[in-house]
Amino acid sequence: GAGVSQSPSNKVTEKGKDVELRCDPISGHTALYWYRQSLGQGLEFLIYFQGNSAPDKSGLPSDRFSAERTGGSVSTLTIQRTQQEDSAVYLCASSPRNGNTIYFGEGSWLTVV
Amino acid sequence: QQQVKQSPQSLIVQKGGISIINCAYENTAFDYFPWYQQFPGKGPALLIAIRPDVSEKKEGRFTISFNKSAKQFSLHIMDSQPGDSATYFCAASEGFQKLVFGTGTRLLVSP
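Remember, it's a predicted structure, so these values are computed and weren't measured experimentally.

Student: What exactly am I supposed to notice about a nonpolar patch on the surface here?
Tutor: The grouping of Ile18(B), Ile20(B) and Met78(B) at the surface amounts to a nonpolar patch, some 240 Å² of accessible area in total. Tracing the chain through its elements places Ile20(B) in strand β3 (residues 19-25).

Right, here's the structure in full:
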């Protein structure tokens with residue numbers, strides 16, 4: 001597709017369950033970001049992948065959160081043992097190697113009940 | 001550590017007025033300063049960006065003013081319209097490194 005694609009667009013899960021959120025970046029983009037946005041709040045950085053470099057995981061809020069990027073393209077954000085405070089929109093973005101502009105997907109809305 | 005501080009948190013402007021949102025940064029190595037616009041239910045989208053070699057950049061009704069010595073930059077929306085009602089985020093980066101975002105400003109333009 002032309003833009004950053006995220007799935008699922010909406011996910012309701014029970015507290016304690018694991019969830020996986022998927023991001024398909026723009027073709028050819030080497031950088032990939034995950035951000036979290038709670039209701040009415042700003043963009044909280046989670047993790048950043050740039051090419052084959054080690055990812056910047058400095059924003060992950062706890063060890064229940066992890067992310068991987070396979071083949072330098074698709075990324076999966078995994079939240080284990082979900083808690084109600086994990087309810088938020090999880091935004092993925094990508095950018096080309098020699099460009100600053102990042103392009104966001106529409107997000108995955110996660111609700112933990 | 002918040003590297004980009006944004007204000008105000010929310011703003012109400014009458015139609016036709018000027019909306020002004022301010023940001024301040026700490027890292028003098030930052031060399032790219034974009035503004036993103038986000039509508040409800042959508043991801044943020046790039047609105048306008050500036051590099052520190054210029055003090056002002058204008059695109060239509062949107063202008064970025066940049067003050068390198070003060071480490072501040074601002075977004076001005078001239079002739080604000082109800083369709084401009086959205087959340088605006090400033091950001092900054094060093095080279096092609098990760099973008100650091102401000103906390104956002106919710107703008108409401110009243111008809």
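Next comes the rest of the write-up.
Student: How do you make sense of the interface of chain B and chain A when you look at a structure like this?
Tutor: Interface size is commonly expressed as the accessible area that is lost once the parts come together. On the chain A side, the residues contacting the 19 residues of chain B number 23 residues. When chain B packs against chain A, close to 1,600 Å² is buried across both sides, 53% of that on carbon and sulfur atoms. Along the contact surface separating chain B from chain A lie one salt bridge. Of the charged contacts, one joins Lys42(B) and Glu106(A) as a salt bridge, the two residues approaching to 3.1 Å between their closest N and O atoms. For the side of chain B that touches chain A, a count of residues per class yields eight nonpolar, seven polar and four charged.

Student: Looking at this model, I keep getting lost on the side chain of Gln6(B). Mind explaining?
Tutor: All names here are of chain B. Relative to the assigned elements, Gln-6 resides in strand β1 (residues 4-7). Gln-6 gets classed as buried once you look at its relative accessible area, which sits at 10%. Only 2.6 Å separates the side chain of Gln-6 from the backbone oxygen of Tyr-88, close enough to count as a polar contact. For Gln-6, the side chain forms a polar contact with the main-chain nitrogen of Cys-90, separated by 3.3 Å.

Student: How should I be thinking about the sheet that holds strand β3 (residues 19-24) of chain A in this particular structure?
Tutor: Either a parallel or an antiparallel arrangement is found when strands of a sheet pair, and the pairing is made through backbone hydrogen bonds. Residue and element names in this part refer to chain A. An order of β1-β3-β7-β6 is seen for the four strands of this open sheet, with the pairing classed as antiparallel. Strand pairing shows two members of the sheet lacking a second neighbour, β1 (5-7) and β6 (65-69), which therefore form its edges. With direction set aside, neighbouring strand axes in the sheet form an average angle of 15°. As paired elements, β3 and strand β7 (residues 75-79) share five bridges and run antiparallel to each other. Its bridge partner lying in β7, Arg-22 is registered against Thr-76.

Student: Is there a simple way to think about unusual backbone geometry in this case?
Tutor: Where the residue is not glycine, phi is negative for most of them; where a peptide bond is considered, it is trans in most cases. Note that the residue after Ser7(A), namely Pro8(A), is joined by a cis bond; omega there is -5°. Looking at the secondary structure, you find Pro8(A) in the loop between β1 and β2 (10-13). Positive phi is not limited to glycine here, since Arg81(A) has a value of about 45°. Examined against the element boundaries, Arg81(A) turns out to sit in the loop between β7 and β8 (88-95). Although it is not a glycine, Asp79(B) adopts a positive phi angle of roughly 45°.

Rules used in this analysis
Residues numbered from 1 in each chain as written. Chains lettered and ligands numbered in written order. Predicted model: local features only at pLDDT ≥ 70, side-chain atom pairs only at ≥ 80, totals over all residues. Heavy atoms only, no water. Patch = residues over 30% accessible without salt bridge, like charges linked within 9 Å, V, L, I, M, F, W, Y side chains within 5 Å. Areas by Shrake-Rupley, 256 points an atom, 1.4 Å probe, with all protein chains shown as cover. Salt bridge = Lys/Arg side-chain N within 4 Å of Asp/Glu carboxyl O. Helix = DSSP H or I, 4+ residues; strand = E, 2+ residues; numbered from the N terminus. Contact = heavy atoms within 4.5 Å. Buried area = accessible area lost by both parts, 1.4 Å probe. Nonpolar A, V, L, I, M, F, W, Y, C, P; charged D, E, K, R; others polar. Buried < 20%, exposed > 50% of the residue type's maximum accessible area, 1.4 Å probe, protein only. Polar contact = N/O pair within 3.5 Å; in protein donor to acceptor, adjacent residues only side chain to side chain. Pairing = 2+ DSSP bridges. Axes fitted to C-alpha atoms, helices over the stretch in contact; angles between N-to-C directions.

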